[in-house]
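So the chains spell out like this:
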Amino acid sequence: MKCRVFSPVKKGLWTKPQQFSSFSPSPGIDAFTSVFVRTGGDVFLNVSEADVPNDYHLLLWKFVTDDVLVSFFPNGKLNVRRAYGGRIDVLAKKYSIKLKNLQKSDSGLYTAIVTAASEEVLAQYNVTVQDPVGPVDLTVDSVSSDSSSFTATCTADGTDISSTFRCTAKTCLQEGGEGSKVTKSGAALLVCLSRSAVVCNHSNQVSWMEKTAEIDHLCLKNAGPDEPHGFSICYVKKVVFSVGLIVMVLVVIAVHLKEKFNKHK
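What comes next is a walk through the structure.

Analysis parameters
Here the residue numbering is sequential within each chain, running from 1 through the sequence in written order. Selection of residues for local features in this predicted model requires a pLDDT of at least 70, selection of side-chain atom pairs for listing and counting requires 80 or more, and totals for whole chains, interfaces and linings are taken over all residues. Water and hydrogen atoms were dropped before computing side-chain values, which therefore reflect all heavy atoms in the structure. The criterion is simple. A nonpolar core is a set of buried Ala, Val, Leu, Ile, Met, Phe, Trp, Tyr and Cys residues joined through side-chain atoms within 4.5 Å. Note on classification: 1.4 Å probe, protein chains only; a residue is buried when its accessible area is under 20% of the maximum for its type, exposed when over 50%, partly exposed between these limits. Helix and strand definitions follow DSSP, with helices as H or I runs of at least four residues and strands as E runs of at least two, each counted in order from the N terminus. Two residues form a contact once any of their heavy atoms are found within 4.5 Å. We call a pair of cysteine sulfur atoms a disulfide when they lie within 2.5 Å. The rule for pairing is simple: two strands pair if DSSP sees at least two bridges between them. Interaxial angles span 0 to 180 degrees and are taken between N-to-C directions of axes, which are lines fitted to C-alpha atoms, for helices over the stretch in contact.

### Some details on the nonpolar core
1) Next: Formed by 28 residues in total, the largest nonpolar core has its most connected members in W61, L69, Y110 and V127.
2) Next: Elements with a contribution of two residues or more to this core: β2 (29-38), β3 (43-45), β4 (58-63), β5 (67-72), β8 (97-99), β9 (108-115) and β10 (119-130).
3) Next: If one sorts the elements of this core by residue count, β10 sits on top with 5 residues.
4) Next: With near-sequence residues (within four places) excluded, Y110 lies in contact with L45, W61, K62, F63, L69, L99, A123, Q124, Y125 and V127.
5) Next: Judged by nonpolar contacts, the second largest core, of 20 residues, contains L138, V191, C200 and M209.

So, in structure tokens, the structure goes:
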């Protein structure tokens, strides 16, 4: 199993809040935006001014169904609900807002509704607030006397997965066991091969942690007599192919020069 890891950030925990979005169909409007935010982070809720009718009477940002965050009026005035005081910034882009310091209780559907001749939904954001994942542990244990096979075990968030790997010459293959699992918090736990290392990755949509263990020494230890350390059949094939290609080019050049020489004679 090769590594296919969702990695929104570089290795390690995030140093600042981030926001990731994707689009999904929603009844009543063309699409809503799914947004994942790290606990304590901010979310931007945007409305296009071009979608707001000139003769509108009221524009609201609502949380779930009845909880009004902000009210916009045609005279340019606005009203921020007291419960959200200090947590909402109105952006330079009219009718768009930034909701700050999100907690798990802020997860849910946010809707921009405008009232003119009729009521219309302008935008919807389905926000999910997640905690960053915790650290991950990786252990590698040999399961054969010659170390040709070993088991890698990943542990995180009270969940563990194990997978068996077998080394032959300079190649290691993942043979059995579990490749991935969902932890009790809903994060993904993955064990896989990445070049010369076993990788254990613990991730969700807002963060990830990773631990690796080099396995070169296991592959080299099991190199056969026909394939010495640091020298692979793959390498020999590359050299033979390259030499053959060079010979072909030289032959073509020689033939061309011979024909040109004969013409001059």
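Having put the structure on the table, let's press on.
### Things to note about the state of the cysteines
1) Next: Applying the stated criterion to the full structure yields 1 disulfide.
2) Next: A disulfide bridge connects C154 with C200, and the sulfur atoms are separated by 2.0 Å. Note that C154 is positioned in strand β12 (residues 149-156) and C200 in strand β17 (residues 197-203), a separation of 46 residues in sequence.
3) Next: Given the relative accessible area of 0%, C154 is considered buried.

### Quick look at the environment of L173
1) Next: Note on placement: L173 falls in strand β14 (residues 171-177).
2) Next: With a relative accessible area of 40%, L173 lands in the partly exposed category.
3) Next: Residues L173 and L193, 20 residues apart in the sequence, show an inter-C-alpha distance of 7.9 Å.

### Observations regarding the environment of F73
1) Next: Following the sequence through the fold, F73 ends up in the loop between β5 and β6 (78-80).
2) Next: Considering only alpha carbons, one finds F73 and Y95, 22 residues apart in sequence, at a separation of 10.0 Å.

### Brief notes about the sheet that holds β17
1) Next: With antiparallel pairing, 4 strands are arranged side by side in an open sheet as β15-β16-β17-β18. If you trace the sheet from one side to the other, it starts and ends with β15 (180-182) and β18 (208-214), each paired once. Pairs of neighbouring strands in the sheet enclose a mean axial angle of 15 degrees, with direction left out of account.
2) Next: Note that strand β16 (residues 188-194) and β17 share 7 bridges and pair antiparallel. Considered in β17, the bridge of A188 is made with S203.

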